[in-house]
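# What the coordinates show
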Amino acid sequence: MRLNLRIWRQDNAEDKGRLVAYRVDDADEDMSFLELMDVLNEKLILDGEEPVAFDHDCREGICGACSMVINGEPHGPQKATTTCQLHLRHFRDGETITVEPFRAAAFPVVKDLVVDRTSFDRIIAGGGYISAPTGAAPEAHAAPVPKRNADRAFTAAACIGCGACVAACPNGSASLFLGAKITHLGELPQGQPERSDRVIRMVKTHDAEGFGGCTNTGECAVACPKEIPLDVISQLNRDYLSATTHRR
Amino acid sequence: MSSKSGASYSDFITGSPLVDTAAPDGPIETRWERRRFGVKLVNPANKRKMKIIVVGTGLAGGSAAATLAELGYQVSSFCYQDSPRRAHSIAAQGGINAAKNYRGDGDSIYRLFYDTVKGGDFRSRESNVHRLAEISVQIIDQCVAQGVPFAREYGGLLDTRSFGGAQVSRTFYARGQTGQQLLLGAYQALERQIDAGGVTMYPRHEMLELIVVDGRARGIVARDLVTGETRSHLADAVVLASGGYGNVFYLSTNAKGCNVTASWRAHRKGALFANPCYTQIHPTCIPVSGDHQSKLTLMSESLRNDGRVWVPQKAGDTRAPGDIPDAERDYFLERQYPAFGNLVPRDIASRAAKNVCDAGRGVGPTGLGVYLDFADAISRLGRPAVAAKYGNLFQMYQRITGEDPYEVPMRIFPAVHYTMGGLWVDYDLQSTVPGLFVVGEANFSDHGANRLGASALMQGLADGYFVLPNTIGDYLARGVEPVATDAPEVREAEAAVAGRVEKLLSIDGDRTVDSFHRELGHLMWDHCGMERTAEGLRKALDRIPELRREFWQTVKVPGSAATLNQSLEKAGRVADFLELGELMCLDALHREESCGGHFRAESQTEDGEAARDDERFSYVAAWEYTGAAPVLHKEDLNFDYVTPSQRSYK
Ligand SMILES: Cc1cc2nc3c(=O)[nH]c(=O)nc-3n(C[C@H](O)[C@H](O)[C@H](O)COP(=O)(O)OP(=O)(O)OC[C@H]3O[C@@H](n4cnc5c(N)ncnc54)[C@H](O)[C@@H]3O)c2cc1C
Ligand code: SF4
Ligand code: FES
């Protein structure tokens, strides 16, 4: 199949950037979107042009590296799907596709489609863990976890840290990402001792990193490739409220 | 420049045997405990002054860096991704073994040890494997304490499942995302230490050279992948946790960035490379669909718990699977291996699938595929129960193939998955370069010729959380002299990196890096893959040096060194694969026996099973880099507890 692409090119963080038109004539509907980019890039290289830079690694929807806004939607039009798992069978022959980087104040563009998401790591560093020194752990069966809690913890823990929620949010808020971690650790008995501290510290880091506030537009959950449910944000808000009102 | 001079397969040299593995002797159950007691300790005040570099943030590197910082060392942690959380370990699906015996089904440390030594086809070290089995129990405790959401039973206790090669249920899992959850545990521990100031994190940095001063590993040269700046980082010890090299095959289940560069650069600086030809082929991957394909996707082996593997009995039967009645199907694993059935180890399942496809009974458009059928499980357990166990895997399959596995059987085919070879290390995980430690998939130890499912995660975490933090202290406690930032060895390493980068950018030929990688991958798969012959290996050994020469003359790497340049990154990695590929073929050629994932067609039993040759090959093959003919050092393997026997799963 033939596809017309309009791709964002930007040399570095300071460069203004622009959309550039390309065409791929020999795309195959079994290809993933990243394989389409590979085909384009090989062509560009042989033509003496610089290939389009984009982040990717696992190519199976789990590392969270691939990030592109495709036709206005982070990770493209397919529900619950990362860019690397998006296949061309969902596009029409001859279609024009616009490809841009994830945009948010807290995700500066590095080059072309590559953005800097290290602000996410700093949110985790600001409390998104359980302090469990190696070798001091109690026997695993010492604290049973009701299946319902374990399942909810897992559902929240499935976040791949891709940042689509932020790119989709009109305020550039990372509340879904943050709520996912708060919910994951908050559902487990091991997560209780640091529960209040965690939410206060993480929210503080989130705000300091330049992420916006949540106004419940729900765009994040629509864009999320792992279908992290919106209720993690309510959980975040409840935890935050209770931590700020009850903390001694 | 970077290519090896005319060395060829016929001129390898056999060198002195490797005798010192630092493993204690005596009763196997007490070896690790005694080693731990025997190591010298570093005084806490001194730890604060000692610097350790850890390259890699997967399960092995992430857990090591976090634990070393927790102990008080100053740690610098490197990865090529933008975040440590994206290391390839994140992709592991199936699970992690531990001898908890929570099921009361007869499991024990000894049984896990036994299964793993046998599963490794008697090409791993007893001492190491026993230690791994012992530590497995602690790993689960540690991960649960960190908040890893393992699957639970209704009563709140941990659930387990079985995996290939085992008859007990000892595999802990978190849906189909075990690696992700374990890695997030390690990553969160790492971020905690970053926040506390114990770890300095260098994401988007690639190690391109090892710095060796006075025979000891003293640092690395790394390139900042965003600014292009190359800089040396010095330390008292260096830990490589840079993962495996399966991407030498181009198509594999590995993440695209997985590479051998860190290990290969260390090899060129004196670290021996052991058993390079031991590659694990995983039986349950989604088959290749076309030339455009950039990687293969694994379907967790746990699917073989409930899925039944079959092909039509008749060759060339093109009916839809649903139209083929039971009597005309061949459930070949259940037929050939009644004791283990669909749960035979990976090497056995992979070869059996290859054989039925070679006989013309393969399914799917290419004929390179077998069915993995859930119809029985769905009618026995109901669709919701199957969905609860494997839902996300089914979804992944559907996304890639466009087919619904609830309705039609999955199609699967073997693919390159894991490399059991790697840098040689002793019992302390130290390489032959003092001060250079190697953990996780990057080292060769523990798995022998064949890794059983759910044991790589176990090894990565055992190495990082529990083994290395104990053994590295012994080295550091003996004292390490300071090294000057302008020492000639440091300057040389920096110059070597700069020279290589410049050279790659200046060739400006007419072939892309990917096209070289693809050609190398084809050669490796055809001649050094699931089945190998002396003739095929010789062919590959003739072609690879040529291909390497062509690479250095005609590759085209656009852009500059002073910016993010992904073509340049790839080129450096493929250049190293082009050297490693040759060593893998040489290793495969010299090992005239079949074992585990390594099947030499010339060495098989009457009924077509792998024939090991313990008399001649019960050793680890550790290769020394010389720039010309490599030197083979042998480490003899001794089995005092598990007597080598023909592995039978019948
Ligand atoms: C799809 C899949 C499923 C799997 N499922 C299972 C399973 O169910 N159970 C099981 O036990 N095992 C499984 N495995 C195997 C297991 O995941 C790996 O063996 C293991 O995770 C390797 O961990 P590691 O820490 O050694 O390396 P990795 O996780 O590969 O980490 C390598 C690290 O090194 C860094 N790095 C590499 N080179 C450089 C360099 N030159 N400079 C700087 N940084 C560098 C990378 O950035 C990365 O951080 C699976 C593997 C795959 C591919
Ligand atoms: S919540 Fe969803 S969209 Fe946001 S980072 Fe996690 S996986 Fe990505
Ligand atoms: S490349 Fe890993 S999620 Fe897409």
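Residues numbered from 1 in each chain as written. Chains lettered and ligands numbered in written order. Predicted model: local features only at pLDDT ≥ 70, side-chain atom pairs only at ≥ 80, totals over all residues. Heavy atoms only, no water.

### Considerations on the overall build of chain A
- The secondary structure content of chain A amounts to 8 helices and 7 strands.
- By the burial criterion, 59% of the 248 residues in chain A qualify as buried.
- Partitioning the contacts of chain A with sequence separation of at least 6, the portion at a separation of at least 24 is 69%.
- Total accessible area on chain A stands at roughly 9700 Å², and carbon and sulfur atoms take up 49% of it. (Helix = DSSP H or I, 4+ residues; strand = E, 2+ residues; numbered from the N terminus. Buried < 20%, exposed > 50% of the residue type's maximum accessible area, 1.4 Å probe, protein only. Contact = heavy atoms within 4.5 Å. Areas by Shrake-Rupley, 256 points an atom, 1.4 Å probe, with all protein chains shown as cover.)

### A closer look at the packing of helix H5 (residues 175–186) of chain A against helix H8 (residues 231–246) of chain A
All names here are of chain A.
- Two elements in contact, H5 and H8, have axes whose closest approach is 8 Å; the angle formed by their N-to-C orientations is 70°. Taken together, the axes of H5 and H8 lie roughly perpendicular to each other. Every residue of H8 that contacts H5 at Ser175, Leu176, Leu178, Gly179, Ala180, Ile182 and Thr183 is listed here: Val232, Ile233, Gln235, Leu236 and Asp239.
- Considering only residue class, the contact of H5 with H8 consists of 7 nonpolar, 4 polar and 1 charged. (Axes fitted to C-alpha atoms, helices over the stretch in contact; angles between N-to-C directions. Parallel < 35°, antiparallel > 145°, perpendicular 65-115°, else oblique. Nonpolar A, V, L, I, M, F, W, Y, C, P; charged D, E, K, R; others polar.)

### Regarding the site of ligand 1
- Taken together, 39 residues are adjacent to ligand 1, and B:Gln81, B:Ser89, B:Gly94, B:Glu441 and B:Leu457 come closest.
- Near ligand 1, the surrounding residues are drawn from chains A and B.
- B:Thr57 is positioned with one of its backbone polar atoms (N or O) 2.8 Å from an oxygen atom of ligand 1.
- B:Gln81 is positioned such that a nitrogen or oxygen atom in its side chain is 2.5 Å from an oxygen atom of ligand 1.
- Isolated, ligand 1 exposes 1000 Å² of accessible area, and the fraction of that covered by the protein chains is 98%.
- Sorting the residues of the shell around ligand 1 by element identifies helix H3 (59–71), strand S7 (205–213), strand S16 (410–419) and helix H12 (456–477) of chain B as the ones contributing at least two each.
- Here the element with the most residues in the shell around ligand 1 is S7(B); it accounts for 3 residues.
- Taken together, the residues of the shell around ligand 1 break down into 17 nonpolar, 18 polar and 4 charged. (Near = heavy atom within 4 Å. Polar contact = N/O pair within 3.5 Å; in protein donor to acceptor, adjacent residues only side chain to side chain.)

### Examining the site of ligand 2
- Surrounding ligand 2, one finds A:Phe120, A:Cys159, A:Ile160, A:Gly161, A:Cys162, A:Gly163, A:Ala164, A:Cys165, A:Leu176, A:Cys224, A:Pro225 and A:Ile228.
- Grouping the amino acids of the shell around ligand 2 by side-chain chemistry returns 10 nonpolar, 2 polar and no charged.

### Quick notes on the sheet that holds strand S9 (residues 230–234) of chain B
Residues and elements named next belong to chain B.
- Here 3 strands make up an open sheet; going across it, the order is S7-S8-S9 and the pairing antiparallel. Each edge of the open sheet carries a strand with a single partner, namely S7 and S9. For this sheet, the mean inter-axis angle between neighbouring strands, taken without regard to orientation, is 30°.
- The strands that helix H13 (residues 488–507) touches are S7, strand S8 (216–224) and S9; relative to S7, the one it contacts most, it runs at about 145°. (Pairing = 2+ DSSP bridges.)

### Remarks on the interface of chain B and chain A
- Taken together, the contacts link 76 residues of chain B with 77 residues of chain A.
- At the boundary of chain B with chain A, total buried surface from both sides reaches about 6200 Å², with 53% on carbon and sulfur atoms.
- The largest contributions to the chain B side of the interface with chain A come from B:Arg86, B:His292 and B:Arg399, which together make up 11% of the buried area.
- Counting the contacts that link chain B with chain A gives 6 salt bridges.
- In this structure, the salt-bridge partner of A:Glu42 is B:Arg518, at a minimum N-O distance of 2.3 Å.
- Linking chain B with chain A are 47 residue pairs in polar contact (both at pLDDT 80 or more).
- Looking at the side of chain B that touches chain A, the elements that each hand over two or more residues are H3, helix H5 (126–146), helix H6 (178–196), helix H11 (383–401), H12, helix H14 (513–528) and helix H16 (566–590) of chain B.
- By residue number, the principal contributor to the side of chain B that touches chain A is H6(B), which donates 8 residues. (Buried area = accessible area lost by both parts, 1.4 Å probe. Salt bridge = Lys/Arg side-chain N within 4 Å of Asp/Glu carboxyl O.)

### Focus: the nonpolar core
All names here are of chain B.
- Core analysis: the biggest nonpolar cluster contains 203 residues, and Ile96, Phe150, Leu240, Leu436, Leu476 and Phe551 have the highest contact counts within it.
- With 13 residues, H16 is the largest single contributor of residues to this core.
- With near-sequence residues (within four places) excluded, phenylalanine 551 lies in contact with Leu504, Ile507, Phe516, Ala571, Val574, Ala575 and Leu578.
- By size, the runner-up hydrophobic cluster in this structure holds 33 residues, among which are Ala349, Ala352, Ala353 and Phe374. (Core = buried A, V, L, I, M, F, W, Y, C linked by side-chain atoms within 4.5 Å.)

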